[in-house]
Each structure stands twice: as C-alpha cells, then as structure tokens.
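# Per-entry structural report
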Amino acid sequence: MRSIIPSHIVTRRTITFFQIAFLLISLGIFCGIMGLALFVTADDDPGTLVSLAQVTLLFGGVLIGLAGVGFAIRAATIKPDNTLAITVGNHMRDLFDDSYIYIRNLSKRRLGYIDALLIGKPGVLVFRIVGQTGKFLNEGGHWMKANAQGHWKPLSFNPTKEAIDDVQALRRYLVAHGQADIPVYGIVVFVESDPDAHLTLKNPVVPATHMTSLHHRLKQNYLARERIEQRTVEAIVEILSDD
C-alpha cells in the first residue's frame, strides 16, 4: 500500500474552530455596532434600561469578538496532521499491496476535509476515523454513547452522517473532474479496540468496525470484487493529489 499525504492539511477539528471563530467575530461586530448606534441615537438622558443596553451591547460585542479571535488563533495553531489517520495507515500497511493507495488528511476547496481514503480496483473507500473510548450504540444512522451511569446519550457528533457527507462530496468532486460512476464507499473506524471502545451495531447505514477488525470487515463488502481498472485508480489519485 502506498501512502500519500497532501501538502495542504486542514483537519476537521480545525474547520470547526474556524467556523466558530467566524460566527463569534460576526456576532461581536454586530453587537458592537448596535451598541454604538444606541450611543449615537439615544437622548442625553437615555434612562437606565437604554444605558444598560448600550454598555451590554458595546462591551459584550468586544468580549464576543475577542473570543472569536481566540478560536481563530486556536484553529491556526492546531497540529495539522491527523494522528488517528496515521495509526490506521500504519495498521493497513502490510495488508494491501502497492496497487492500493492510501491518502490521509485530504482537504480541498469544493470537497472539504476527509480523514483518509483507500483507493484501489475495488473502488474508493472513505474513512471516518474515531479515537474516542467508551460504549457506543449505532442503530441505523444514529449514534449513542453510554455516560458514567450507563445511560445512553446522543453522541456529540454523528460519524455516520459525516461519512455519508464525505462520500457524497467526493462523488461530486470526481464527477466534476471527469470521473463519473466511480464506486465510492464509506466506513467508520474506531482506533481503540474492545473493551476500550465497545460497539453495539444494529443495522448500521454505514459499516462501522474496530481498526483491528478492519481488513476482515472489508472482505465482506469493499474487497468483495474489483470494480475499476488500475489506470482509473491512478487517474483518481492524480486528481486528488493535484493542488
């Protein structure tokens, strides 16, 4: 298996921090403008409520804006490489020959961020890699996690939805670059093994598995047969490797 690391790497977490930063800075600017507008338009003796609104909006806007700047700085300083994708790639290194190409940390405009891809004659496999521990329940497209008391609570993110979004985005991207009808699949991979990460699966929409069981699981679906030619594999790799 050959590995490719894009030259420009932005993690999913980085994107989230930048989104939060943009929202906070925008909200801070809006509140600040509203506060200044109240100062300009208010009477000489505006009253307690108006004065309170002036101060709250103005200084609240400044504080919110500063929080947004903090998130932006945090996003810019996050270590760009995805250590989970590295771990999965190292695990698969001896399981696939050089006709398979593993791309991790794929980030492109009009595509977004994808944890990792495996490209070979069976098609393209999109990875959503999870590093959390605990007890997880995946029923259909929904995910739950047991809390300290053993009660099921919705997971703070949905790896199935994110995997589906990544698969659809990649299909659109390949079509836009002249590669239509490419078989693209998705899988959710937990790096930690059972019992550290215990999985209960009930009719999952996207296959989910532990990293240690990944190759066995892929034999049941992705690796079941070859679907594209090697020249198509190389063409896909060239498209995704092009800056």
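See above for the structure.
Residues numbered from 1 in each chain as written. Predicted model: local features only at pLDDT ≥ 70, side-chain atom pairs only at ≥ 80, totals over all residues. Heavy atoms only, no water.

## Looking at helix α6 (residues 230-241)
The end-to-end C-alpha separation of α6 is 16 Å, in line with the 16 Å expected for twelve residues at 1.5 Å each. Where α6 is concerned, the buried positions are Thr-232, Val-233, Ile-236, Val-237, Ile-239 and Leu-240. Down the axis of α6, the buried set is contained in an arc of 160°. They therefore lie on one face. Turned more than 90 degrees off the buried face of α6, the exposed positions are Arg-231 and Glu-238. (Helix = DSSP H or I, 4+ residues; strand = E, 2+ residues; numbered from the N terminus. Expected span 1.5 Å × (residues − 1). Buried < 20%, exposed > 50% of the residue type's maximum accessible area, 1.4 Å probe, protein only. Arc of directions from axis to C-beta.)

## Regarding unusual backbone geometry
Backbone torsion omega between Asp-194 and Pro-195 reads 15°, so that peptide bond is classified as cis. Topologically, Pro-195 is positioned in the loop between β8 (184-190) and β9 (197-202). Although it is not a glycine, Asp-181 adopts a positive phi angle of roughly 60°. A positive phi angle is found at Asn-203, which is not glycine, with a value near 50°. In this fold, Asn-203 is placed in the loop between β9 and β10 (208-210). On the basis of relative accessibility, which here comes to 72%, the residue Asn-203 falls in the exposed class.

## Re the pattern of salt bridges
Between side chains of opposite charge, a pair can form as their charged atoms come close. With the rule as written, the count across this model stands at five salt bridges. Of the charged contacts, one joins Asp-165 and Lys-161 as a salt bridge, the two residues approaching to 2.8 Å between their closest N and O atoms. In this pair, Asp-165 and Lys-161 both sit in helix α4 (residues 159-176), four residues apart, roughly one turn of the helix. The exposure class of Asp-165 is partly exposed, given its relative accessible area of 34%. For Arg-231, the salt bridge identified is with Glu-229, shortest N-O distance 2.7 Å. Look at the salt bridges and you will find they share partners, linking Asp-115, Arg-128 and Glu-162 into a network. (Salt bridge = Lys/Arg side-chain N within 4 Å of Asp/Glu carboxyl O.)

## A word on the nonpolar core
Leu-117, Ile-119, Leu-170 and Leu-240 are the most contacted members of the largest nonpolar core, which totals 22 residues. Sorting the residues of this core by element identifies β2 (101-108), β3 (112-120), β4 (123-130), α4 and α6 as the ones contributing at least two each. Not counting chain neighbours up to four residues away, the residues in contact with Leu-117 comprise Ile-101, Tyr-102, Ile-103, Leu-106, Val-124, Leu-125, Val-126, Phe-127, Leu-170 and Leu-240. Ranked by size, the runner-up nonpolar core spans 19 residues in total, among them Met-1, Ile-129, Leu-214 and Tyr-222. (Core = buried A, V, L, I, M, F, W, Y, C linked by side-chain atoms within 4.5 Å. Contact = heavy atoms within 4.5 Å.)

## With respect to the packing of aromatic side chains
Tallied over the full model, the rule gives five aromatic pairs. Note on Tyr-102 and Phe-127: the rings are 6.0 Å apart at their centroids and 80° apart in plane angle, and the pair reads as edge-to-face. Placement of the pair is Tyr-102 in strand β2 and Phe-127 in strand β4, with a sequence separation of 25 residues. Comparing Tyr-102 with Phe-127, the two get one shared label, buried. One aromatic cluster in this structure is built from Phe-136, Trp-143 and Phe-190. (Phe/Tyr/Trp six-rings, centres within 6.5 Å; stacked < 30°, edge-to-face > 60°.)

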